[in-house]
Amino acid sequence: MSTLVFLEHNGDAIQKGALGVLSKAVSLDPDTAAVLIGSGVSGLAATAAKYGAKRVLVADDASLEAPLPQPRVDVISSLVTVQGFDTVLFAASVLASDVAGGLSARLDAGLNWDLGDLASDGGTLVGKRSALGDTIVADVGWTTGPKIGLVRAGAFEPVESAGEGTVENVAVSLE
């Protein structure tokens, strides 16, 4: 599994839900990478590394200052294509939902949403989703790749790790 987690931020803080998804992803794939996209976000990379990201990919550009989904789709789709990520995870929010949907359309990829948990079954990612008024939990998978998952808000608590990730600046090319 090659996993990338989108770290949404507000000002100078990464959203708690995004850090929770990062922590869960690292527990399933220790080589998980995280991506920070925006203007003036380089200073947040150390926080991402504290929560277990092996690599923190930083797209820091003035053209990304406004929290618009389409430029974020451009950056993430380029990373998936060039670096070969097979899984992209998001913590649910309005922006993340728009980015995940746009990324799914751009890459012709499968998207599962409202996931309450994630698991690995023999190296294959399995999403867990509540159904029938939360009376059962259904396992969901993906038939196309890359696998895109939108995790329910508050599903995971962030867990700091002793890891130290590397920071890589990525070129920004908007379509």
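Rules and cut-offs
- Residues numbered from 1 in each chain as written.
- Predicted model: local features only at pLDDT ≥ 70, side-chain atom pairs only at ≥ 80, totals over all residues.
- Heavy atoms only, no water.
- Helix = DSSP H or I, 4+ residues; strand = E, 2+ residues; numbered from the N terminus.
- Rg over C-alpha atoms; globule rule 2.2 N^0.38 Å.
- Buried < 20%, exposed > 50% of the residue type's maximum accessible area, 1.4 Å probe, protein only.
- Contact = heavy atoms within 4.5 Å.
- Areas by Shrake-Rupley, 256 points an atom, 1.4 Å probe, with all protein chains shown as cover.
- Lys, Arg positive; Asp, Glu negative; His and termini not counted.
- Charge placed at Lys NZ, Arg CZ, Asp CG, Glu CD.
- Phe/Tyr/Trp six-rings, centres within 6.5 Å; stacked < 30°, edge-to-face > 60°.
- Axes fitted to C-alpha atoms, helices over the stretch in contact; angles between N-to-C directions.
- Parallel < 35°, antiparallel > 145°, perpendicular 65-115°, else oblique.
- Left-handed = near helix turned anticlockwise from the far one by under 90°.
- Nonpolar A, V, L, I, M, F, W, Y, C, P; charged D, E, K, R; others polar.
- Expected span 1.5 Å × (residues − 1).
- Arc of directions from axis to C-beta.

1. Re the overall build of the protein
Then, number 1: Across its full length, the protein carries four helices and twelve strands.
Then, number 2: Whereas a compact globule of 175 residues would reach a radius of gyration of roughly 16 Å, the protein reaches 15 Å, a difference of no more than 12%.
Then, number 3: C-alpha atoms of the protein, sized along the principal axes, occupy 45 × 35 × 25 Å.
Then, number 4: When burial is assessed residue by residue, the protein has 45% of its 175 residues classed as buried.
Then, number 5: Partitioning the intrachain contacts of the protein with sequence separation of at least 6 by distance along the chain shows that 67% fall at a separation of at least 24.
Then, number 6: Summed over its atoms, the accessible surface of the protein is roughly 8,000 Å², and 51% of this surface lies on carbon and sulfur atoms.
Then, number 7: One way to put it: in the protein the 11 positive side-chain charges average out to a point 5 Å from where the 21 negative ones average out.

2. What about the packing of aromatic side chains?
Then, number 1: All told, the structure shown has one aromatic pair when counted by the stated rule.
Then, number 2: When the centroid spacing of 5.5 Å and the interplanar angle of 45° are considered together, the rings of Phe-6 and Phe-90 count as tilted. Here Phe-6, found in strand 1 (residues 3-6), pairs with Phe-90, found in strand 6 (residues 87-91); they are 84 residues apart in sequence, far enough to count as distant.
Then, number 3: Judged by relative accessible area, Phe-90 falls into the buried class, the value being 0%.

3. Quick notes on the packing of helix 3 (residues 69-83) against helix 4 (residues 94-107)
Each pair of packed helices gets described by two things: the angle between the helix axes and the distance between those axes.
Then, number 1: Running from N to C, helix 3 and helix 4 point in directions that differ by 50°, and their axes come no closer than 9 Å. Comparing the axis directions of helix 3 and helix 4 gives the class oblique. With respect to the hand of their crossing, helix 3 and helix 4 are arranged in right-handed fashion. Residue-level inspection shows Pro-69, Gln-70, Arg-72, Val-73, Asp-74, Ile-76, Ser-77, Val-80 and Thr-81 of helix 3 in contact with helix 4, the latter providing Leu-95, Asp-98, Val-99, Gly-102, Leu-103, Arg-106 and Leu-107.
Then, number 2: Classifying every residue of the contact of helix 3 with helix 4 gives eight nonpolar, four polar and four charged.

4. Section: helix 3
Because the α-helix completes a turn every 3.6 residues, residues three or four places apart line up on one side.
Then, number 1: Between its first and last C-alpha, helix 3 extends 21 Å over 15 residues, near the 21 Å set by a 1.5 Å rise per residue.
Then, number 2: Contact partners of the buried residues in helix 3: strand 1, strand 4 (33-38), strand 5 (55-60), strand 6 and helix 4.

5. Quick notes on helix 4
Then, number 1: Relative to the 20 Å expected for 14 residues at 1.5 Å per residue, helix 4 spans 20 Å between its end C-alpha atoms, a close match to the ideal helical length.
Then, number 2: Listed as buried for helix 4 are Leu-95, Ala-96, Val-99, Ala-100, Leu-103 and Ser-104. Taken down its axis, helix 4 places every buried residue within 160° of arc, on the same side. Those residues of helix 4 that are exposed and angled more than 90 degrees off the buried face are Val-94 and Ala-105.

6. Some points on the environment of Ser-97
Then, number 1: If you trace the backbone, Ser-97 turns up in helix 4.
Then, number 2: With relative accessibility at 32%, the residue Ser-97 sits in the partly exposed group.
Then, number 3: In this structure, the C-alpha to C-alpha distance between Ser-97 and Pro-69, residues 28 residues apart in sequence, is 8.9 Å.

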